[in-house]
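Here's the letter readout for the chains.
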Amino acid sequence: GIRVLIIDPFVSSHTVDENANMEIDQVVKAWSRVAKDTGCCILLSHHTNKAGSQEVSAMSARGASALTAAARSVLV
């Protein structure tokens, strides 16, 4: 009966190197399979890099770009 699952922070849901695109892609695909198999919406909360006073965008996500590349929607 769970319709929405929020993983916050995403980095705590795995043990792979957060800078390794291939590894992060596998983790994101695993969460995608969970969503598909259960019909549940899964939100992965992720932190930005240290942007300082710069404007923050989806490109500001820390670690591997595979996370934002695989996302259906990225909110800042």
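Structure shown above.
Numbering of residues begins from 1 in every chain and follows the order in which that chain's sequence is written. Two thresholds apply to this predicted model, a pLDDT of at least 70 for residue-level local features and 80 or more for giving and counting side-chain atom pairs, whereas whole-chain, interface and lining totals are computed over all residues. Excluding hydrogens and water, the side-chain values take into account all heavy atoms of the structure.

## Regarding helix H1 (residues 21-38)
Point 1. Counting from the N terminus, the helices are the DSSP runs of H or I reaching at least four residues and the strands are the DSSP runs of E reaching at least two. Take the number of residues in a helix, subtract one, and multiply by 1.5 Å to get its expected span. With 18 residues, H1 should reach 26 Å at 1.5 Å per residue; the first-to-last C-alpha distance of 26 Å fits that figure.
Point 2. For H1, every residue scored as buried is listed here: Ile-24, Val-27, Val-28 and Trp-31. One side of H1 holds all its buried residues, which, seen down the axis, span an arc of 95°. The exposed set on the far side of H1, more than 90 degrees from its buried face, consists of Met-22, Gln-26, Lys-36 and Asp-37.
Point 3. Looking at the buried residues of H1, the elements they touch are strand S1 (4-7), strand S2 (41-44) and helix H2 (66-70).
Point 4. Remark: Gly-39 follows H1 within two positions and exhibits a positive phi of approximately 75°. Partly exposed describes any residue whose relative accessible area lies between the buried limit of under 20% and the exposed limit of over 50%, with all areas from a 1.4 Å probe on protein chains only and scaled to the type maximum. Starting at the helix axis, one direction is taken to each C-beta atom, and the arc is that of these directions. Whether two residues touch is decided by their heavy atoms; if any such pair falls within 4.5 Å, the residues are in contact.

## What about the environment of Ser-45?
Point 1. Of note, Ser-45 is situated in the loop between S2 and H2.
Point 2. If sequence neighbours within four positions are ignored, Ser-45 has contacts with Ile-7, Asp-8, Pro-9 and Phe-10.
Point 3. A 3.5 Å cut-off defines polar contacts: any pair of N or O atoms within that distance qualifies, except that in protein one atom must be a possible hydrogen donor and the other a possible acceptor, and neighbouring residues in sequence count only when both atoms are side-chain atoms. A polar side-chain atom of Ser-45 sits 3.1 Å from a polar atom in the side chain of Asp-8.

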